[in-house]
Amino acid sequence: DLHSFPTRRSSDLDLYKINSGAERFPGQNHPRARRNLGALARQIEEYVEKERAFLNPDLSVFLLAEHLHTSEDDIIDAIHYAQGIPFGDYIDGLRIQHTVSILLSEHPDIKNPDALASIAHQSGYLTAEALKDAWLRVAHTPIEQSRMLD
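Caption draft 1: Spatial organisation of the pattern of salt bridges. Inspection of the entire model under this criterion finds 3 salt bridges. For the salt bridge of lysine 50 with glutamate 46, the shortest nitrogen-to-oxygen distance reads 3.7 Å. Residue lysine 50 and its partner glutamate 46 are located together in helix α2 (residues 31–50), separated by 4 residues, close to a single helical turn. Residue class for glutamate 46 comes out partly exposed when judged on its relative accessible area of 38%. Ionic pairing is found between lysine 132 and glutamate 129, a salt bridge with its closest N-O pair at 3.6 Å. Taken together, the residues lysine 132 and glutamate 129, both in helix α7 (residues 128–139) and 3 residues apart, mark about one turn of the helix. According to the relative accessible area criterion, glutamate 129 is partly exposed, its value standing at 47%.

Okay, here's the thing in structure tokens:
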């Protein structure tokens with residue numbers, strides 16, 4: 001009959017799990033997966049925050065994965081699991097915090113392009129424009145109009 005399909009036996013399903021790795025790689029909500037993401041997130045935070053890797057303008061998911069000997073997907077998942085935000089937002093947040101500490105301690109004239117470029121480089125950005133763009137995304141106001149600088 002054309003309308004009858006073979007049904008899977010439970011032993012077929014067990015074989016599928018073994019061959020596909022379904023048992024070895026549980027879903028993200030599985031306790032073992034959450035524990036692994038949490039451990040990787042701690043490694044990431046240790047390297048990125050404590051060793052100040054976020055100040056490297058070349059830092060990327062690829063470089064971080066290579067440094068920690070894991071996959072880019074694992075890095076992305078661990079950051080999202082621990083921080084609840086994408087990798088780029090995590091790094092920008094750390095860089096902006098660093099920028100704020102420079103602004104509060106040194107009180108530079110950020111209307112001076114050279115001063116702003118220097119702050120950008122110290123904060124892990126290649127250009128003053130990259131810093132301005134990140135500041136706007138994080139603080140929702142142009143850096144030149146920040147009330148913190150008054």
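Caption draft 2: Quick look at a negative patch on the surface. Taken together, the side chains of Glu72, Asp73, Asp74 and Asp77 present a region of like negative charge at the surface. Checked against the element boundaries, glutamate 72 lands in helix α4 (residues 72–83).

Caption draft 3: Inspection of the packing of helix α3 (residues 61–68) against α4 at higher detail. Interhelical geometry of α3 versus α4 gives an angle of 100° and a closest axis separation of 8 Å. The pairing of α3 with α4 is recorded here as roughly perpendicular in orientation. Between α3 and α4, the contacting residues are Val61, Phe62, Leu64, Ala65 and Leu68 on the first element and Glu72, Ile75 and Ile76 on the second.

Caption draft 4: Here's a closer look at the side chain of serine 123. If you trace the backbone, serine 123 turns up in the loop between α6 (113–122) and α7. The buried category is assigned to serine 123, whose relative accessible area is 0%. Here isoleucine 119 takes part through its backbone oxygen, which lies 2.9 Å from a polar atom of the side chain of serine 123. Setting aside anything within four residues of it in sequence, one finds serine 123 in contact with Phe54, Leu55, Arg95, His98, Thr99 and Ile102.

Conventions we followed
- Note that residues are indexed from 1 along each chain, following the sequence as it is written.
- Confidence filtering applies because this is a predicted model: local features only for residues at pLDDT of at least 70, side-chain atom pairs given and counted only at 80 or more, and all residues used for totals across whole chains, interfaces and linings.
- Side-chain measures here rest on the full set of heavy atoms in the structure, leaving out hydrogens and waters.
- For this analysis, a salt bridge means a side-chain nitrogen from Lys or Arg found within 4 Å of a carboxyl oxygen belonging to Asp or Glu.
- Segments assigned H or I by DSSP are reported as helices when at least four residues long, segments assigned E as strands when at least two residues long, and all are numbered from the N terminus.
- Only protein chains enter the accessibility calculation, which uses a 1.4 Å probe. A residue is then buried if its area is under 20% of the maximum for its type, exposed if over 50%, and partly exposed in between.
- Patch building starts from residues that exceed 30% relative accessible area and form no salt bridge, then joins like charges within 9 Å and nonpolar side chains (Val, Leu, Ile, Met, Phe, Trp, Tyr) within 5 Å.
- Throughout, the Shrake-Rupley method with a 1.4 Å probe supplies accessible areas, and for residues the shown protein chains are the sole cover considered.
- Charged-residue counts in this description rest on Lys and Arg as positive and Asp and Glu as negative, His and the chain ends being excluded.
- Where a charge lies is defined by one atom per residue type: Lys uses NZ, Arg uses CZ, Asp uses CG and Glu uses CD.
- For helices, the fitted axis covers only the stretch in contact; all axes are lines through C-alpha atoms, and the angles between them, taken along N-to-C directions, range from 0 to 180 degrees.
- Here roughly perpendicular refers to angles of 65 to 115 degrees, roughly parallel to angles under 35, roughly antiparallel to angles over 145, and oblique to all remaining angles.
- Throughout, a residue-residue contact means that at least one pair of heavy atoms, one from each residue, lies within 4.5 Å.
- Throughout this description, a polar contact denotes any pair of N or O atoms lying within 3.5 Å of each other; where both atoms belong to protein, one of them has to be capable of donating a hydrogen while the other can accept it, and for residues adjacent in sequence the pair is counted only when both atoms sit in side chains.

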